[in-house]
Amino acid sequence: MRPLRSPRSFRSFRPRGPRRLTALLLFAAAALFPVTTPAAAAAPAPVPGTLRPYTIDAVHSSGVSSGGYMATQLHVAYSGTFSGSAVFASGPYGCAQNSLPTALNACMNTTQDLQLAKLEQTARDWSARGLVDPVANLAGDPVYVFSGSGDTTVKRPVADALADSYGRFGARVLYNRGTAAGHAWISPLGPNSCTVTQSPWINDCGIDAERELLGHLLGSVAAPSASPGGTLIQFDQNAYAPGGAAAPLSLDDRGFVYVPTSCAGGASCSLMVALHGCKQGYGYQGFGTRFVDRAYLNEYADTNDMIVLYPQAAATATLENPNGCWNWWGYLGDASHARHGGKQIEAIMGMVRALRGSAPPPATDRVTLPSLDAQDGYVKAAADGSGPAVGTLEDTYGLALGRGTDAKVNRTLLSFDTSRIPAGKEITRAYLTVNRSSGSGDPWASPAGNRLLVDVTTGCFGACAVEPSDWSAAATVAGGAHIAPFSSGSAASTDLSAGALAALDRAGTTQVRLRFESAPASAAYLFVNQATPVTLTVEYR
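The rules behind each value
- Residues numbered from 1 in each chain as written.
- Predicted model: local features only at pLDDT ≥ 70, side-chain atom pairs only at ≥ 80, totals over all residues.
- Heavy atoms only, no water.
- Helix = DSSP H or I, 4+ residues; strand = E, 2+ residues; numbered from the N terminus.
- Rg over C-alpha atoms; globule rule 2.2 N^0.38 Å.
- Buried < 20%, exposed > 50% of the residue type's maximum accessible area, 1.4 Å probe, protein only.
- Contact = heavy atoms within 4.5 Å.
- 1 Å grid on protein atoms, 1.4 Å probe; cavity = no way out; pocket = protein on both sides within 12 Å on 5 of 7 lines; lining within 4 Å.
- Points joined across faces, edges and corners; volume = space filled by probe spheres on them.
- Nonpolar A, V, L, I, M, F, W, Y, C, P; charged D, E, K, R; others polar.
- Pairing = 2+ DSSP bridges.
- Core = buried A, V, L, I, M, F, W, Y, C linked by side-chain atoms within 4.5 Å.
- Phe/Tyr/Trp six-rings, centres within 6.5 Å; stacked < 30°, edge-to-face > 60°.
- Lys NZ or Arg CZ within 6 Å of the ring centre and 35° of its normal.
- Expected span 1.5 Å × (residues − 1).
- Arc of directions from axis to C-beta.

Attention shifts here to the overall build of the protein chain. Along the protein chain, the regular secondary structure elements total twelve helices and 25 strands. At 25 Å, the protein chain has a C-alpha radius of gyration in line with the 24 Å of a compact globule built from 541 residues. Dimensions of the protein chain, computed from the C-alpha atoms along their principal axes, are close to 80 × 50 × 40 Å. Burial statistics for the protein chain: of 541 residues in total, 57% are counted as buried.

Tracing the sequence through the fold places Leu536 in strand β25 (residues 535-540). With a relative accessible area of 3%, Leu536 lands in the buried category. Residues Leu536 and Ser187, 349 residues apart in the sequence, show an inter-C-alpha distance of 45 Å. Apart from the residues within four sequence positions on either side, Leu536 is in contact with Val367, Thr368, Leu369, Phe416, Thr418, Ala430, Tyr431, Leu432 and Leu504.

Let us look at the layout of surface pockets. In this structure, the largest pocket occupies an estimated 1100 Å³ of space. In this structure, the largest pocket is lined by 50 residues; those nearest its centre are Gln97, Lys118, His482, Ala484 and Pro485. Every element with two or more residues in the lining of the largest pocket is listed here: α2 (66-77), α3 (100-105), α4 (116-129) and β21 (477-483). Take the lining of the largest pocket: its biggest share by element is eight residues, from α4. Looking at the lining of the largest pocket residue by residue, the classes come out as 22 nonpolar, 19 polar and nine charged.

For the rest of this paragraph, the subject is empty space enclosed by the protein. Going through the model one piece at a time under the given rule, you end up with two cavities of 30 Å³ or more. Size it by volume and the largest cavity reaches roughly 50 Å³. Together, Tyr93, Leu116, Leu119, Glu120, Ser165, Arg168 and Phe169 line the largest cavity. Listing elements by their share of the lining of the largest cavity, those giving two or more residues are α4 and α5 (156-168). Here the lining of the largest cavity gets three residues from one element, more than from any other, and that element is α4. Grouping the constituent residues of the lining of the largest cavity by class yields four nonpolar, one polar and two charged. Thr72, Val76, Pro92, Tyr93, Leu138, Leu162, Ser165, Tyr166 and Phe169 are the residues that line the second largest cavity. Those elements that place two or more of their residues in the lining of the second largest cavity are α2 and α5. Counting residues per element, the lining of the second largest cavity draws most heavily on α5, at three residues.

Take the sheet that holds strand β7 (residues 185-186) next. Backbone-to-backbone hydrogen bonds join strands into a sheet, with any given pair of strands oriented parallel or antiparallel. Sheet architecture is open: three strands sit in the order β7-β9-β8, paired in parallel fashion. In this open sheet, the two edge strands, each paired with only one partner strand, are β7 and β8 (192-193). The pairing of β8 with strand β9 (residues 202-204) spans two bridges and is parallel. Within β9, the residue paired with Ser193 across the bridge is Asp204.

Extensive coverage of strand β24 (residues 524-528) is indicated by the burial of five of its five residues. Both faces of β24 are covered, namely the face carrying Ala524, Leu526 and Val528 and the face carrying Tyr525 and Phe527. With five bridges connecting them, strand β17 (residues 399-403) and β24 associate as antiparallel partners. Within the sheet, the bridge partner assigned to Leu399 lies in β24 and is Val528.

Soluble globular proteins tend to pack their nonpolar side chains together in the buried interior. Core analysis: the largest hydrophobic core is formed by 56 residues, its most contacted members being Leu74, Val257, Val273 and Leu309. The biggest single contributor to this core is helix α10 (residues 343-356), with eight residues. Other than its neighbours up to four places away in sequence, Val257 contacts Leu51, Thr231, Leu232, Ile233, Phe235, Ile307, Val308, Leu309 and Leu355. One finds Ile427, Leu514, Phe516 and Phe527 within the second-largest nonpolar core, a separate group that totals 38 residues.

What follows is about the packing of aromatic side chains. Taken as a whole and assessed by the stated rule, the structure comprises 16 aromatic pairs. A network of ring pairs unites the aromatic residues Phe88, Tyr144, Phe146, Trp185, Phe291 and Tyr310 as a single cluster. Cation over ring: Arg339 sits above Trp126, and NZ or CZ is 4.6 Å from the ring centre.

On to α4. An ideal rise of 1.5 Å per residue puts 20 Å on 14 residues; α4 measures up with 20 Å between its terminal C-alpha atoms. Taken together, the buried positions of α4 are Leu116, Leu119, Glu120, Ala123, Trp126 and Ser127. Viewed end-on, α4 has its buried residues packed into an arc of 125°, placing them on one side of the element. α4 presents Ala117, Ala128 and Arg129 as exposed residues on the side facing more than 90 degrees away from its buried surface. Its buried side turned inward, α4 meets α5. Where α4 ends, the next residue or the one after it, Gly130, has phi of about 80°, a positive value.

As structure tokens, this is what we get:
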């Protein structure tokens, strides 16, 4: 991580000239709108309705904690749509790298290096491949970052990295790090004192953070209304979820949009997508609309011609997402959660398009194929490929990958019945989901940066039953995807490359081989597929 340059509580990242002007404007605004704690006026009750088109001239994102990560994902993935972002208590784009341990240890705590240079390069690579909008769009975009010194959930260096990462893309970052705030959205309507971290995670720090962030994003801001005078519409999120069902994506059935009278009457308005944090969704243990009511955005929306969209995440009944967080680490097997095709991202984009009156993209469906147990297996050989033999521990431990205690290097073979992909459909995306049963050491770190690659072949490498020659047999596409490090549970691969998608045998079997790019120098291995089969998810339209 590059050192951050200024110790001041309000920190600006390049370019400096416009930032100084913005700071002066903000201080001038402070004189016009002194910070007082407004009375908590009655919030409008939600009324049932639908999303309809309005005249929208700009779109921004904002969020706290997991909602902050999602706000950044929206901004980077669709920078052609979003003009800026405001984030409380969150970290840099792509931080988790499809790994829950990385999310916990590098992107919330600081016990693991979050590899900022690698995150930047990944974003640039995805941009070059068209998996996100051009990162050049981020240059000049206003970004507001807030981190309190009392936040022990997402620690200060993680938020520093968010500010730094946006600076690397040329965004205009205003960083408020001058309070002792706990882990929370900061609002004059917050029922909590500044330093605590507790429900409802909306804290009053004696400042008007909404004035700060909106002034930075919009360029100027009028004083808020005394109480919201517009309409809070409750709409059905199922209509925007890929596949037509919100619950399987860890989304609530209900979403909300606040529409000021001026916007409803045809005025040209901006759109703010505001994303709650974990445990703040409408359906989470009766939380209701407390985030919607107390974020202090609706009051500014009335006087600044701004529609506020409040999408809602929901908890899963499983351990995938029990706290109703937004998907920023790849849960439920969504390897594309941070880029085009991410299920929650596309659901929110569908809502944005509905409010802007633009057409939705073609509908996408998918099929998830389990590997064929009778044809699965692993092969071991010396590091140079000599002396290959079929492994014998599948029934006891699963399929082996990496270097075992016998000094042999293991590669896993998996077969899929890809004739189940519906005929006449265009394949748009595919990825593997792998479940780890046990292991020892870290083969991704031996040598450093080692990668678990996915080779894809049309049909089978030889006979479809595993045989010794499969260790080194040529693939139709070598390295058509890779799987990020994970130490427990499941992990999803990156998307199969275009060549690997083309290699899927629509008439029969497709076989894949999992192998580490380099042979680990010493024993470091994992077993997969013991209790839960590896799956191949194929999306089509």
